[in-house]
Amino acid sequence: MAVRRNNSWFIRPMVAEDLKAVAAIEEEVFPSPWPYSVLAYELLLNDSCSAFVADGRGGVVGYTFLRILNDKAHLINIAVDKAHRGEGLGEKLLSSALDCAAQRAAADVSLEVRETNAPAIALYREHGFKITGKTEDYYADNTAALLMKVAIAAGEIGKSEAG
């Protein structure tokens, strides 16, 4: 995976030394954060998982986890700390995950997103994701999740119009 640069930020593969910062972001941004042990498992022990961080200016400020099994990819987590939102890092992390899925011959990428998370839904739509369903009471606080998916055609990913 090539390193993607965004001004002084860059996206790179996550390493074990990033887990403390990733766990801190997880705690900051999610109402029901994953425990450190789950993050560590995904990075260090789950062979189907690829993970990336947004790094620079002194540390990790965002991350994403992507699972790929056979020709199916699932974006399981993406976050940017609150102080660095609006800088395009979520878009860069998502693009890196989609590029990874395409490179590993995934036919599509799916995800769940809180139905109340309008900025994330807009970002996913910009990348061609379509809503395919809804799961009520998906999250611990009983918020529903929208199910979204994008097809990866011939190994190419790019922005497309919202659908």
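Residues numbered from 1 in each chain as written. Predicted model: local features only at pLDDT ≥ 70, side-chain atom pairs only at ≥ 80, totals over all residues. Heavy atoms only, no water.

**With respect to the packing of helix α1 (residues 19-29) against helix α2 (residues 36-44)**
One way to put it is that α1 packs onto α2 with a least axis distance of 10 Å and a crossing angle of 130 degrees. Of the possible angle classes, the one that applies to α1 and α2 is oblique. As for how α1 packs across α2, the hand of that crossing is right-handed. Residues Leu-19, Lys-20, Val-22, Ala-23 and Glu-26 of α1 pack against Tyr-36, Leu-39, Ala-40, Leu-43 and Leu-44 of α2. The residue inventory of the contact of α1 with α2, partitioned by class, reads eight nonpolar, no polar and two charged. (Axes fitted to C-alpha atoms, helices over the stretch in contact; angles between N-to-C directions. Helix = DSSP H or I, 4+ residues; strand = E, 2+ residues; numbered from the N terminus. Parallel < 35°, antiparallel > 145°, perpendicular 65-115°, else oblique. Left-handed = near helix turned anticlockwise from the far one by under 90°. Contact = heavy atoms within 4.5 Å. Nonpolar A, V, L, I, M, F, W, Y, C, P; charged D, E, K, R; others polar.)

**Side note on the packing of aromatic side chains**
For the coordinates displayed, the defined rule picks out four aromatic pairs. Seen from their ring centres, Trp-34 and Phe-65 are 6.0 Å apart, and the 40 degrees between their planes marks the pair as tilted. Here Phe-65 lies in strand β4 (residues 59-69) and Trp-34 lies in the loop between α1 and α2, a separation of 31 residues in the sequence. By relative accessible area, Phe-65 is classed as buried at 0%. Judged by centre distance (4.9 Å) and plane angle (80 degrees), the rings of Tyr-138 and Tyr-139 are edge-to-face. Note on Tyr-138: relative accessible area 40%, which makes it partly exposed. By the ring-pair criterion, three or more aromatic residues cluster together here, those being Trp-34, Tyr-63 and Phe-65. The side chain of Arg-114 reaches across the aromatic face of Tyr-139, ending 4.2 Å from its centre. (Phe/Tyr/Trp six-rings, centres within 6.5 Å; stacked < 30°, edge-to-face > 60°. Buried < 20%, exposed > 50% of the residue type's maximum accessible area, 1.4 Å probe, protein only. Lys NZ or Arg CZ within 6 Å of the ring centre and 35° of its normal.)

**So, the layout of surface pockets**
If you add up the space inside the largest pocket, you get close to 1,000 Å³. Broken down by secondary-structure element, the contributors of at least two residues to the lining of the largest pocket are α1, β5 (72-80), α3 (89-103), β6 (108-114) and α4 (118-126). Among the elements that make up the lining of the largest pocket, the one with the highest residue count is β5 (six residues). (1 Å grid on protein atoms, 1.4 Å probe; cavity = no way out; pocket = protein on both sides within 12 Å on 5 of 7 lines; lining within 4 Å. Points joined across faces, edges and corners; volume = space filled by probe spheres on them.)

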